[in-house]
Amino acid sequence: MHKGLKYLKKKFPGLLVLGVSLFVYGKTMAPTVSFWDSGEFIASAAMLQVPHPPGAPIYLLLGRLFSILAPGPTYIALFINFLSVAASAFTVFFVFHILVLLLRMVRNQEQEPVHWVEQLAAGVGALLFAFTDSFWYSAVEAEVYALSLFFSSVTLWVFLKWYVGRGASPRWFYLGVFLLGLSMGVHLLNLLMAPVFVLLFVWKVYGAGIKTTLLGLLIGFVILGVLFFGLISFGLWPAMKLELLLVNEWGFFQHSGVLLWLIFLAGAIAFGMIISFKRYPLVHMGFTIAGLLLMGWFSYLMIPVRASANPDINMNAPDNVFSMHDYINRTQYGSRPLVVGSHAWAQAEDWKNIDKYVFDSEDSVYEKIPAGTVFSYDPDDYVFFPRMYSRQSYHQEGYEWWSGLDGEAETPRLAHQVDFFLKYQVGHSYLRYLMWNFAGRQNDDQGHGDIVSGNWASGIGFIDGQMLGSREHRHSGETYSASANYYYGLPLIFILAGLFFLLSKGPGRKKVLMILGTVFLMTGPLLVLYLNQPPYEPRERDYVYVASFMALAMFGGVGIYALLRTVLHFSKSFLTTGLSGLLLLLAGPGLLFSVNLNDHDRSERYLARDLAMSQLRSCPAGSVLFTYGDNDTYPLWYVQQVEMVRPDVKIVNIGLLHTFWYQQYLRNSQKGNGALEMTLPENFYRSNAVTFFPVSSIFSAPVEGIKVLNALGAGIDAGESGNPEERIHPQWEMTLPDGKKMELTLDQSYLSIGDLALLDVVASNVHQRPVCFTRNVEVASIGGLQNLLQPFGLNMKLGPGRLSDEEAFAELELRWTLFSDSISLLRGEPWFDNTCRQALSTSGYRETALTLARELMEAGDEERAGAVLKKSLREWPFSPMQDQDLMLQTAQLLQLTGNVDQAAGLVSNIAYVNLSDLYFFYYSGFDLQYLKQRYCRFFRDLHRLAKQLEMDRQAVELEMELQRICSF
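Residues numbered from 1 in each chain as written. Predicted model: local features only at pLDDT ≥ 70, side-chain atom pairs only at ≥ 80, totals over all residues. Heavy atoms only, no water.

## Examining the overall build of the chain
Argument step 1. Regarding its fold elements, the chain presents 38 helices and 16 strands.
Argument step 2. For 968 residues, the compact-globule estimate of 2.2 N^0.38 gives 30 Å, and the C-alpha radius of gyration of the chain, at 31 Å, lies within 12% of that figure.
Argument step 3. Taken along the three principal axes of its C-alpha coordinates, the chain extends 90 × 85 × 65 Å.
Argument step 4. For the chain, with 968 residues in total, the buried portion stands at 56%.
Argument step 5. Considering only residue pairs separated by 6 or more positions, the chain has 73% of its internal contacts joining residues 24 or more positions apart. (Helix = DSSP H or I, 4+ residues; strand = E, 2+ residues; numbered from the N terminus. Rg over C-alpha atoms; globule rule 2.2 N^0.38 Å. Buried < 20%, exposed > 50% of the residue type's maximum accessible area, 1.4 Å probe, protein only. Contact = heavy atoms within 4.5 Å.)

Okay, here's the thing in structure tokens:
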């Protein structure tokens, strides 16, 4: 008993940090699915499916384990979310222990018990990291980054424990190597820590000095290159060669080459360990390290095993060594040049098709099929340090905006590349995130370089005013944002204090500086260099750099230790030092916790689930539902596969239709859902992956769509590739389930294989299954089909066009019922973050309500029109971060339906917010012409409505601004 209490007392500070973190993350954890990859990972983990490349087998296995504990399907998301909670809490726990070890190195008295000042500083430093913006965000949802950082922290702690302990058992070292290997099965970013671990090994064996430090870093970078390029990128290359030889040449069974390669690897390592045991210690250590790392790498065997079972989520279908090679190398995402490459405005001189191998189950051999196209450019268009390389038009626009280059008129020079690298990739895409976490944040809008969206803000007026415009009249996106979090730079001061302390003379300080500095550089600036990120990313990428923020928080812990040590030195008082520690706790972690809590608390957030359910319930029975991006697909996968909502609906992602594996996938049935019909045979898609099909410009009588497809695929059974040169008839006729005819006019000159697959799915199934599209789908991606879409719940449904009066009335009644009963967004939280607002906006929720209300008013049903509008405002209330034109339209319709009080309240909010924004832009020096274009028409309409509602004060204010700005 006494020993137990003594042990508990010794471990109490670390357990307290763990308990606080676990409690806070548990209380703020998302109760169900979130947006982005969360839905995909929950569904994949719950059923051991195959998520997007490069996969995360260790995460999936642990997620599966947590899901088994769930009492029912609706709790599975909660339990898998708790995996991130637990992993994040233990990350903070290990950050505490890492800081204790590092501060022991600074004290350089390893045999003495740890001083309470060090434990206090370590606890404050660990909690400082616990409540940082980016880390807390990932801690409460199902994503790989929380578990990834857990592996990084525990592995660093294990290596440090081995390093600082005198006569420490090599088992700690081997445990660290094993954990590093396992971490590859969570996220490949963990490999970036390898140089730090090699440095500690070299210091332990050869001592710490300038030469050994440089040698350790050099060896560490070499090992990192071997792991990343040798093991990850090309580790399957010998298996691919053996597979071709054994299967295609010698007639062995599929996977025989892979099995031979894996047996060879395992056998070689086991043989090497046995023969070198005791006789050649260093050789034995090398084989042991290789074996432990390969044990982690072998976790990826789960991916092809599960892919072979054809699960409902089977991204890239990596069921053989060739597709697995592409999967683990993320081939579908393309590559980014690092040292030399073509610039963004280079003109292609030539191109060639690249092939890939797929397995032909009939002939039991691998055959080559077209997989893509590679372009070559003029030698003068290849540049050194190519930071501006993407030829996407919106990327080119971003390059020009950030670098000041006119890409059409001049060739990018090295100075332009460096300028873009420093301003955008380092400044905007890294330092801005760093300042979010340690100085403060303006709001959570995605920032693209303007002064009102997603910048860092300290809360100190004269500093923020240099980059954010007027601080007297602030933009509403900052004033009303729960994520406007100001830290006044206090955490940054602690970090700088730690840096200066480690730079000063003292035992062990340079070692700690080198350890933390290497972690920071590898997971921060050098990662920025490697990622070579283009502008206008679909989301903020701060989560990628959280390991570097962990290193900075540990610098902050060292800074707090230096401050406490100084207080103790001058005051000679434990009480004064303890009170100073409490003050630092409040100024660091306390401040971050208090201002970050309201926008990081997701305990009442159900929007992703509710929106997905509403979209599925908006579909007629047995529908085909086309989606486009991650945020409208992954939540649908979750609610359909995990919570079993509307399994009769077949979900088709347009962004994947160009891939052969997805075309095959659509022909398979899933739980509760039959396979889709496709007229063009598999061999047609197999042979024409990079073909563009010309569309005839001659219009005549419509032809049945299936006949057009049959003509295009003619000859495929005879071993030919179809008729890709034959011009496709531009006018198609299709029959709907109710027997009505629908005419489609193709508006493209050429169709890609993805376009053709979309038309194939529609034409082959529309006669027996209703076809719907989420409103997230880009109109440009569906060609002439957009002209045949009709609103139906939260979706758009393919229809014949004009309806009879009777049919129109019945359709309106059905849509009213859908909106009232099937579309439901439970609202328990007071604020939607930017991801939620974007999802609501792209889902067309507000437009759906406005369209339905207008049509009900035209039918003379003002009462139900008003009910639709009021429901839409209950489920998505007014906020300055919404489209203000749509809010004004809502107020106008409320007034017309007789809901004058609600209209007046909405007009009051709209007027106040937009007048505030006008003052912000005016006093921030924006051009008057810009303000006229932005506000004059809007204010005139708002002024007219305010007068109609007899809102005299708002009408006068608006009239004054119209006279001043718009010459009213």
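## A look at helix α2 (residues 38-47)
Note: α-helices contain 3.6 residues per turn, so residues at a spacing of three or four share the same orientation.
Argument step 1. With respect to burial, α2 is a largely interior element, nine of its ten residues being buried.
Argument step 2. Every buried residue belonging to α2 is among S38, G39, E40, F41, I42, A43, S44, A45 and A46, and all of these are buried.
Argument step 3. Each element contacted by the buried residues of α2 is listed here: α3 (57-68), α4 (76-107), α7 (144-164) and α26 (634-641).
Argument step 4. Phi turns positive, to about 50 degrees, at L48, one or two residues after α2.

## A closer look at the pattern of salt bridges
Argument step 1. Summed over the entire model, instances satisfying the criterion amount to 23 salt bridges.
Argument step 2. In this structure, the salt-bridge partner of R471 is E478, at a minimum N-O distance of 2.6 Å. Comparing R471 with E478 shows no difference in burial state: the two are buried.
Argument step 3. A salt bridge links E957 to R953; the shortest N-O distance between them is 3.4 Å. Of this pair, E957 and R953 both sit in helix α38 (residues 952-966), separated by four residues, roughly a single helical turn.
Argument step 4. Shared partners join several salt bridges into a network, and the residues in it are D885, R937, D941 and R944. (Salt bridge = Lys/Arg side-chain N within 4 Å of Asp/Glu carboxyl O.)

## Looking at the state of the cysteines
Argument step 1. All told, the structure shown has one disulfide when counted by the stated rule.
Argument step 2. Left unpaired, C772 is separated from the closest cysteine sulfur, that of C619, by 4.5 Å.
Argument step 3. Note on C772: relative accessible area 0%, which makes it buried. (Disulfide = S-S within 2.5 Å.)

## A short note on the packing of helix α36 (residues 900-923) against helix α37 (residues 928-948)
Argument step 1. The contact between α36 and α37 brings their axes to 11 Å, and the two run at 155 degrees. It follows from the interaxial angle that α36 and α37 lie roughly antiparallel. Between α36 and α37 lies a crossing of left-handed hand. Across the interface between the two elements, V907, I910, A911, N914, L915, D917, L918, F921 and Y922 of α36 pack against Y930, L931, R934, Y935, F938, F939, L942, L945 and A946 of α37.
Argument step 2. Its residues assigned to classes, the contact of α36 with α37 shows 15 nonpolar, one polar and two charged. (Axes fitted to C-alpha atoms, helices over the stretch in contact; angles between N-to-C directions. Parallel < 35°, antiparallel > 145°, perpendicular 65-115°, else oblique. Left-handed = near helix turned anticlockwise from the far one by under 90°. Nonpolar A, V, L, I, M, F, W, Y, C, P; charged D, E, K, R; others polar.)

## Let's talk about the domain arrangement of the chain
Argument step 1. Taken domain by domain, the chain consists of domain 1 (335-390 + 397-403), domain 2 (431-472 + 480-600), domain 3 (606-802) and domain 4 (883-967).
Argument step 2. Here domain 3 and domain 4 have C-alpha centroids that lie 43 Å from each other. (Domains from an automatic or database assignment.)

## Focus: the nonpolar core
Argument step 1. Core analysis: the largest hydrophobic core is formed by 286 residues, its most contacted members being Y25, Y59, F626 and F773.
Argument step 2. Top element by residues in this core is α4. It accounts for 20 residues.
Argument step 3. Discounting residues that sit within four places of it in the chain, Y25 has contacts with V85, S88, A89, V92, A130, F135, W136, A139 and V140.
Argument step 4. Ranked by size, the runner-up nonpolar core spans nine residues in total, among them W402, L405, F420 and Y424. (Core = buried A, V, L, I, M, F, W, Y, C linked by side-chain atoms within 4.5 Å.)

## Observations concerning the pairing of strand β14 (residues 771-774)
Argument step 1. Here β14 shows no split at all, with V771 and F773 on one side and C772 and T774 on the other all buried.
Argument step 2. Alignment of strand β7 (residues 624-627) against β14, held across three bridges, turns out to be parallel. The residue of β14 that forms the bridge with L625 is C772.
Argument step 3. For β14 and strand β16 (residues 795-798), the ladder comprises three bridges, and the chain directions are antiparallel. (Pairing = 2+ DSSP bridges.)

## Considering a nonpolar patch on the surface
Argument step 1. A contiguous nonpolar surface patch, about 810 Å² in accessible area, is contributed by L338, V339, V340, Y382, F384, L414, V418, L422 and Y530.
Argument step 2. For the nonpolar patch, the secondary-structure elements that each account for two or more residues are β4 (382-384) and α17 (414-438).
Argument step 3. With three residues, the top contributor of residues to the nonpolar patch is α17.
Argument step 4. As for its position among the elements, V340 is in strand β1 (residues 340-342). (Patch = residues over 30% accessible without salt bridge, like charges linked within 9 Å, V, L, I, M, F, W, Y side chains within 5 Å. Areas by Shrake-Rupley, 256 points an atom, 1.4 Å probe, with all protein chains shown as cover.)

## So, the packing of α37 against α38
Between two packed helices, what matters for the description is the angle formed by their axes and the separation of those axes.
Argument step 1. Two elements in contact, α37 and α38, have axes whose closest approach is 9 Å; the angle formed by their N-to-C orientations is 150 degrees. Our classification of the angle between α37 and α38 gives roughly antiparallel. Here the hand of the crossing between α37 and α38 comes out left-handed. Of the residues in α38, those touching α37 at L928, L931, K932, C936, F939, R940, L942, H943, A946 and K947 are A955, L958, E959, E961, L962, I965 and C966.
Argument step 2. Residues that form the contact of α37 with α38 fall into these classes: eleven nonpolar, one polar and five charged.

## A closer look at the packing of aromatic side chains
Argument step 1. Evaluation of the coordinates by the stated rule reveals 59 aromatic pairs.
Argument step 2. Both rings, one in F322 and one in Y357, keep their centres 5.0 Å apart while their planes meet at 40 degrees; by these two values the pair is tilted. Here F322, found in helix α15 (residues 321-328), pairs with Y357, found in strand β2 (residues 348-360); they are 35 residues apart in sequence, far enough to count as distant.
Argument step 3. Judged by its relative accessible area of 6%, F322 falls in the buried class.
Argument step 4. Sitting over the face of the ring of Y137, R602 holds its NZ or CZ atom 4.1 Å from the ring centroid.
Argument step 5. In this structure, K650 is placed above the aromatic ring of Y665, and the distance from its NZ or CZ to the ring centre is 5.9 Å. (Phe/Tyr/Trp six-rings, centres within 6.5 Å; stacked < 30°, edge-to-face > 60°. Lys NZ or Arg CZ within 6 Å of the ring centre and 35° of its normal.)

## Let's talk about the pairing of β16
Argument step 1. The two faces of β16 match: N795 and K797 on one face and M796 and L798 on the other face are all buried.
Argument step 2. Taken together, the four bridges between strand β15 (residues 789-792) and β16 define a ladder with antiparallel strand orientation. Pairing of F792 across the sheet is with N795, part of β16.
Argument step 3. Between β15 and β16, which pair antiparallel in sequence order, lie two residues; one of them, G793, sits at a positive phi of approximately 60 degrees.

## Focus: the sheet that holds β15
Argument step 1. If you trace the five strands from one edge of the open sheet to the other, you get β8-β7-β14-β16-β15, paired in mixed fashion. Taken across any chain shown, the strands that pair with only one partner, and hence form the sheet edges, are β8 (650-653) and β15. When the angles between neighbouring strand axes are averaged without regard to direction, this sheet yields 30 degrees.
Argument step 2. Contacts from helix α31 (residues 805-822) reach β15 and β16, with the element oriented near 50 degrees to β15.

## Describing the sheet that holds strand β10 (residues 703-704)
Argument step 1. If you walk across this open sheet you meet the three strands as β10-β11-β12, and the pairing is mixed. Looking along the sheet, the strands with just one partner apiece sit at the ends: β10 and β12 (741-745).

## Thoughts on the environment of N190
Argument step 1. Tracing the backbone through its elements, the reader meets N190 in the loop between α8 (170-183) and α9 (194-206).
Argument step 2. In this structure, N190 is in contact with S148, F151, S152, L180 and S183, ignoring residues within four places of it in sequence.
Argument step 3. A distance of 3.0 Å separates the side chain of N190 from the side chain of S148, its partner in a polar contact.
Argument step 4. Polar side-chain contacts of N190 include one of 3.3 Å to the backbone oxygen of S183. (Polar contact = N/O pair within 3.5 Å; in protein donor to acceptor, adjacent residues only side chain to side chain.)

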